[in-house]
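What the coordinates show
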Amino acid sequence: MEDLLNIFEIEKLLDKLEEKINFLKNLKDQGKLSNPQELDILEYKTNQIIQELKAKIHPFNRVQIARHPKRPVFQDLIENVFSDFVELKGDRYLGDDLAITGGVAKIEGYPVFVIGHNKGKTTNEKIKRNYGMPNPEGFYKAIRLMDVANNFRTPLITVVDTPGAYPGDTAEQRGQYIAIAKSIHKMFELDIPVICLILSEGGSGGALALAVANYVLMMENAYYSVISPEGAASILYRDSSKAALASRNLKLTSYDLLKMGVIDEIIFEPFMGMHRNLRQSYQDIKNKIIEYLIRGVEELKNPKKHRFERFRKMGIFKSLDSVMKNLVS
Amino acid sequence: MFDQWVKCEKCGSIVNKIDLEENLFVCPKCNHHFYINSKKRIELTFCSFQEKFNSIKPVDFLNFDDYSEKLLKDSQKLGIDDAVIVGLGYLLDDVEKKYLVGVGVMEFGFRGGSMGSVVGEKISLIAEECYNQELPLILFSSSGGARMQEGIISLMQMAKTVGSIDKLKKNRIPFINVVVNPTTGGVAASFVGIADIIIAEPGAIIGFAGQRVIEQTIKKKLPPNFQTSEFNLNNGLIDCVIERKRIPSFLYQLVSSFYYWKNKITVVN
C-alpha cells in the first residue's frame, strides 16, 4: 500500500488554522489581542505542520491536486494572467473543437499568441469542452493557429492541461494519431520563440502535441507523463486502483522532470495547490512567462534550431561509442 | 510430426509449415499475415543489409519494477538489444543494387515494440544518416506505443524522432512507413503519422488509443474491423494496403522514382 496523504482532510485543517490566524490578526489590528505571542506561536506551528506534511506528500497526491475541482483552468489564466484576449476559432477543415482554445492576447503589454487545452469550470462547460480532451479538429485548430502566430512573427505561449487526447471511436476514425503527429511536427517548424506551461495535467501524446517548446515551465503540483497513472496501473498491474504505485514509478512530478531535464523551471505553488492563493499564483505565472518570453526573444538567435536541439538530446542509454570516446579523451 | 503443421490464428485452417514459409508466412487460405520477427522481415525485404548504430543499449534509469530483467529476457530470446534494428540496405527487387536506402525495422517481440530511449535514438540516427547521404528512409513500424518503464523520457522520443524526420522533409528526402500489425499509441502518433507515404499490411491494427479504453469511454462495442488497415484506408488515413509479397517491389518502384529524378530536378530552398 502507498502512503497517501488525505488532501481534503489536510485542506480542512489548513482552513481552520488560517481562519484562526486571520481572527487573531484582526484582533491584533484592533488592538484587542491580549496575548500577542499567541499569534506568533500559531503561525509558527502552522508553518511547522506544513513543512512536515510537505515532506510526506506522495506523487499521487500531486496528481490529485492537479485534478482538484477548485484548480484554475486555462480560461482562468486567459482572464487573470493575460489581457486583451481575442479568441480565434476553427480548424478551417471541419469544425471547432472547444477542448482547445487559442487566440491573440497580451501579457504585461507584450502581444502574444496563446493556445491551450481548456477543461472548463462548470459541469455544463466541462461536458461542452470534453474535459480538455481534444479530437483531431482540436489539434488541427492548434496547428493552424501556430502557423498564424508564425506568420505574425509573434511569440507563442502554450498551456497544457489535458488528461489526454480523446479516446473515442470517431476520433480514431478521423485520424487522432495523425493529428497529434502533425501538431508535434508543426511545432518543430516554427521560427518564433515558444514557451509552454504545464498547468495541471500533462497527459501523454495529447499534451506533447502542444509542448514542443523552447522553454517548458511546470506548476509545482502538475504532472506530465507518458501514460495516465490509472492507464499504467491497469496495464502493468492489471488493477487501475494501483494508480498511486504507478505514479510513483512513472516519475511524473515537476521535481522528477526538472531532475531529468525535461522542464526548465518549476513554478512553486501555495501548499496544497494554487487554488489556495489564486492572486499570488497568477502573479507568479505571469512573472515567469514574461521572464522566459524576454529570454526567448533576446537570447534565441534561431528558435527553431534551439527547439530541435533541446529535444534531440533527450534519451538515456548506454553507447559503446561514447564509452570509447570517453576512454580516448 | 506435429510441428510440421501450423493452425492459422484467423481462419483456423491447418497449414503446412513449409507451405507457409514459402508463402512468406501468409495463410494460403485466408490471407492472414502472421507475425514475423524483425530479422526475418529484413531477409524478406532486402537483398543486402548492413546494421548500424547497434552499440546503443537500454538502461533501466528509473529502476522501474522488473524492467531490467524483462530487457534481459527479451534480448536473450531475440538476440537484439532493443525493439528496433536500423541500417542501410538494398531492396530485394534492386538486382543491380542501384538504390541504397536507410532502413528501420521494429521488433514487436521485444517489449511489445515499445519506443524508449534506444528506439528513439536509433530512429533519429538513421534519419540523420539518410539526411547526410540523401537516401530515402523506409521504416517498418510495429509497436504498442511509448515505453512506460522509461517514463516521460519515452514521451520525449516522440518529439525527438519527429524532429529528426522534419530534417528529411525540409530537404525533400522521402520517408516511407510500412505499418505492420500492430502500430498504436506514441509510435503511430509520432514518426508514423508524418510519413510521406503510409503503407500497411492487410489486417494490421493502426490507431492511437487502445480498443479497451475506447469501449470503456464510449460504452459501446467496436465493430470488428475497427482500426484495421482497411478501416484506416477507407477513412483516408493511409495510402494503401499492400500484401507482404508485393511490398519489396512496391517500395522499389517508389524509391526508383526518387532516384530517377533526384539529379535532374534541382531543389530550391
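Residues numbered from 1 in each chain as written. Chains lettered and ligands numbered in written order. Predicted model: local features only at pLDDT ≥ 70, side-chain atom pairs only at ≥ 80, totals over all residues. Heavy atoms only, no water.

Some words on unusual backbone geometry
Residues and elements named next belong to chain B. Definition in use: Helix numbering and strand numbering both begin at the N terminus, where a helix is a DSSP run of H or I of at least 4 residues and a strand a DSSP run of E of at least 2.
Cis rather than trans, the peptide bond between Asn-181 and Pro-182 has omega equal to -20°. Relative to the helices and strands, Pro-182 is located in strand β8 (residues 175-184). Phi angles above zero are rare outside glycine, and Asn-63 is one such case at about 50°. Assignment of secondary structure puts Asn-63 in the loop between β4 (56-58) and α3 (67-78).

Description of the environment of Lys-10 of chain B
Residues and elements named next belong to chain B. Selection criterion: Summary of the burial criterion: residues with accessible area below 20% of their type's maximum are buried, those above 50% are exposed, and those between are partly exposed, where the area comes from a 1.4 Å probe applied to protein chains only. By the convention used here, residues are in contact when the closest approach between their heavy atoms is within 4.5 Å.
The topology assignment puts Lys-10 in the loop between β1 (5-7) and β2 (14-16). Overall, Lys-10 belongs to the exposed group, its relative accessible area being 60%. Setting aside its immediate chain neighbours within four residues, Lys-10 contacts Cys-30 and His-32.

Points about helix α13 (residues 278-299) of chain A
Applicable threshold: How far a helix is expected to stretch is found by multiplying one less than its residue total by 1.5 Å.
Given a rise of 1.5 Å per residue, 22 residues ought to cover 32 Å, and the 31 Å separating the end C-alpha atoms of α13 of chain A matches this to within 8%. Taken together, the buried positions of α13 of chain A are Ser-281, Tyr-282, Ile-285, Lys-286, Lys-288, Ile-289, Ile-290, Tyr-292, Leu-293 and Gly-296 of chain A.

Looking at the domain arrangement of chain A
All names here are of chain A. Short version of the rule: In this document the domain limits rely on a domain assignment from an automatic tool or a database. By buried area we mean the combined loss of accessible area, with a 1.4 Å probe, across both parts when two parts are placed together. Here, a salt bridge means any side-chain nitrogen of Lys or Arg that lies within 4 Å of a carboxyl oxygen of Asp or Glu. Here a polar contact is recorded for every N or O atom pair within 3.5 Å, except that within protein the pair must consist of a potential hydrogen donor and a potential acceptor, and residues adjacent in sequence are included only if both atoms are side-chain atoms. As a working rule, the residues Ala, Val, Leu, Ile, Met, Phe, Trp, Tyr, Cys and Pro are called nonpolar, Asp, Glu, Lys and Arg charged, and the rest polar, with Gly in that last group.
According to the domain assignment, chain A contains domain 1 (7-56) and domain 2 (68-321). Computed over C-alpha atoms only, the centres of domain 1 and domain 2 are separated by 36 Å. If you look at the interface, domain 1 gives ten residues, while domain 2 gives five residues. Of all residues in domain 1, Glu-11, Leu-14 and Lys-54 bury the most surface against domain 2, accounting for 51% of the area lost on that side. Across the contact surface, domain 1 and domain 2 share three salt bridges. Across the pair Arg-276 and Glu-11 runs a salt bridge whose closest N-O atoms are separated by 2.7 Å. Summed over the shared surface of domain 1 and domain 2, the result is five residue pairs in polar contact (both at pLDDT 80 or more). Looking at the side of domain 1 that touches domain 2, the elements with two or more residues in it are α1 (7-29) and α2 (37-56). It is α1 that contributes the most residues to the side of domain 1 that touches domain 2, seven residues altogether. A class-by-class count of the residues in the side of domain 1 that touches domain 2 yields six nonpolar, no polar and four charged.

What about the interface of chain B and chain A?
Counting residues at the interface gives 59 residues for chain B, matched by 49 residues for chain A. Together, the buried faces of chain B and chain A total about 4600 Å²; carbon and sulfur atoms form 71% of this surface. Sorting the residues of chain B by area buried against chain A places Met-148, Ile-152 and Phe-208 of chain B first, and these three jointly supply 15% of that buried surface. One can count four salt bridges joining chain B with chain A. Arg-312 of chain A is the salt-bridge partner of Glu-128 of chain B, the closest N and O atoms lying 2.7 Å from each other. Contributing elements (two or more residues each) for the side of chain B that touches chain A: β4, α4 (117-133), α5 (151-170), β10 (206-207), α7 (211-218) and α8 (229-234) of chain B. Of all the elements, α5 of chain B adds the most residues to the side of chain B that touches chain A, at 17 residues.

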